[in-house]
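Residue-level structure breakdown
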Amino acid sequence: EAAVTQSPRNKVAVTGGKVTLSCNQTNNHNNMYWYRQDTGHGLRLIHYSYGAGSTEKGDIPDGYKASRPSQENFSLILELATPSQTSVYFCASGDGGQGAGQLYFGEGSKLTVL
Amino acid sequence: QEKVQQSPESLIVPEGAMVSLNCSFSDSASQSIWWYQQHPGKGPKALISIFSNGNKKEGRLTVYLNRASLHVSLHIKDSQPSDSAVYLCAVRKNTGYQNFYFGKGTSLTVIP
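Residues numbered from 1 in each chain as written. Chains lettered and ligands numbered in written order. Predicted model: local features only at pLDDT ≥ 70, side-chain atom pairs only at ≥ 80, totals over all residues. Heavy atoms only, no water.

As a further point, take the sheet that holds strand 1 (residues 4-7) of chain A. Residue and element names in this part refer to chain A. With respect to topology, four strands assemble into an open sheet ordered 1-3-8-7, the strand pairing being antiparallel. Strand pairing shows two members of the sheet lacking a second neighbour, strand 1 and strand 7 (65-67), which therefore form its edges. In this sheet, adjacent strand axes meet at a mean angle of 20 degrees when their direction is disregarded. Sheet topology places strand 7 next to strand 8 (residues 73-78); three bridges connect them, and they run antiparallel. (Pairing = 2+ DSSP bridges. Helix = DSSP H or I, 4+ residues; strand = E, 2+ residues; numbered from the N terminus. Axes fitted to C-alpha atoms, helices over the stretch in contact; angles between N-to-C directions.)

What follows covers the interface of chain A and chain B. In this assembly, 25 residues from chain A lie in contact with 23 residues from chain B. In this assembly, chain A packs against chain B so that about 1,900 Å² is buried in total across both faces, 46% of it on carbon and sulfur atoms. Put simply, chain A and chain B have one salt bridge between them. Between Lys42(B) and Glu107(A) there is a salt bridge; the shortest N-O distance is 3.4 Å. When residues of the side of chain A that touches chain B are traced back to their parent elements, those giving at least two are strand 4 (31-37) and strand 5 (44-49) of chain A. Per-element tally for the side of chain A that touches chain B: the top contributor is strand 4 of chain A, with four residues. (Contact = heavy atoms within 4.5 Å. Buried area = accessible area lost by both parts, 1.4 Å probe. Salt bridge = Lys/Arg side-chain N within 4 Å of Asp/Glu carboxyl O.)

So, about the environment of Phe105(A). Relative to the elements of secondary structure, Phe105(A) occurs in strand 10 (residues 104-105). Expressed as a C-alpha distance, the spacing of Phe105(A) and Thr5(A), which sit 100 residues apart in the sequence, is 8.5 Å. The contact partners of Phe105(A), leaving out residues within four places of it in the chain, are Val4(A), Tyr35(A), Leu43(A), Phe90(A), Cys91(A), Ala92(A), Tyr36(B), Gly43(B), Pro44(B) and Phe102(B).

Approximately 1,000 Å³ is the volume found for the largest pocket. Lining the largest pocket we find 46 residues, and of these His41(A), Gly42(A), Leu43(A), Gly103(B) and Lys104(B) sit closest to its centre. Counted by class, the lining of the largest pocket contains 15 nonpolar, 20 polar and 11 charged residues. (1 Å grid on protein atoms, 1.4 Å probe; cavity = no way out; pocket = protein on both sides within 12 Å on 5 of 7 lines; lining within 4 Å. Points joined across faces, edges and corners; volume = space filled by probe spheres on them. Nonpolar A, V, L, I, M, F, W, Y, C, P; charged D, E, K, R; others polar.)

Residue and element names in this part refer to chain A. Tracing the backbone through its elements, the reader meets Asp38 in the loop between strand 4 and strand 5. At a separation of 2.8 Å, a polar atom in the side chain of Asp38 contacts the side chain of Arg36. Among the polar contacts listed, one links the side chain of Asp38 to the side chain of Arg44, at a separation of 2.8 Å. Beyond its immediate chain neighbours, meaning those up to four positions away, Asp38 contacts Arg44, Thr86 and Ser87. (Polar contact = N/O pair within 3.5 Å; in protein donor to acceptor, adjacent residues only side chain to side chain.)

On to the sheet that holds strand 8 (residues 71-76) of chain B. Sheet strands line up and pair through hydrogen bonds in the backbone, either parallel or antiparallel. Residues and elements named next belong to chain B. The strand order across the open sheet built from five strands is 1-3-8-7-6, with neighbouring strands paired in antiparallel fashion. Edge positions in the sheet fall to strand 1 (4-7) and strand 6 (54-58), since each of these pairs with one other strand and no more. Strand-to-strand twist of the sheet, defined as the mean angle between neighbouring strand axes without regard to direction, takes the value 15 degrees. Both strand 1 and strand 3 (residues 19-25) contribute to a ladder of four bridges, which runs antiparallel. Residue Val4 lies in a different strand from strand 3, and its bridge partner there is Phe25.

The next thing to look at is the pattern of salt bridges. Residue and element names in this part refer to chain A. If you walk through the whole model with that rule in mind, you get six salt bridges over all chains. Among the salt bridges present, the one from Glu79 reaches Lys65, with a minimum N-O distance of 3.7 Å. Taken together, the residues Glu79 in the loop between strand 8 and strand 9 (87-94) and Lys65 in strand 7 connect sequence positions 14 residues apart. One salt-bridge network, in which partners are shared between bridges, spans Arg36, Asp38 and Arg44.

Purely spatial values, then, with no claim about function.
Given below as structure tokens:
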């Protein structure tokens, strides 16, 4: 079974502080994604990556940065956290192939910005 | 941007009932359609996908796709309390990158 691990699982931050959410995958997948999930919205794509060293903007990138230092690791960085960024964040990996293209999700990181 | 709408928002059924979940999308050129299951406090987990018009059956799950009407449905036969979860419809598109657009989900409760 493909494995995606996120840390921390829960985080409380102050407005203006820096937050880093980390993700590790053991699937050897090229593609990795960061989504956020809020009540009233579906999962929305923040950043994604094709492989080590690459990061691309998704549909809602404002206020977020991403880093992919290796095939296994993908981080989401909030340089100046705001209360509107309170959410549950999910990391996912996928092989990016031309087939059905299943995504494998982590368990989520719940972020509260006070 | 792809729009994915799911109905109903929530559903409560007795154990053993047939469950039908609906999803509509906005672009017939979309690639595969996925259904994910998400239990409280957990990440979404892929259940079943379909690409071609018609139906696909896996165990108690059957999915129907009609590209002309931009509609896909998931049917769960003989529902169990363990099926209680939120079901997400996801449309995969290759718009220069592999992206998935998700609906808001249908919350299913199966009562023993």
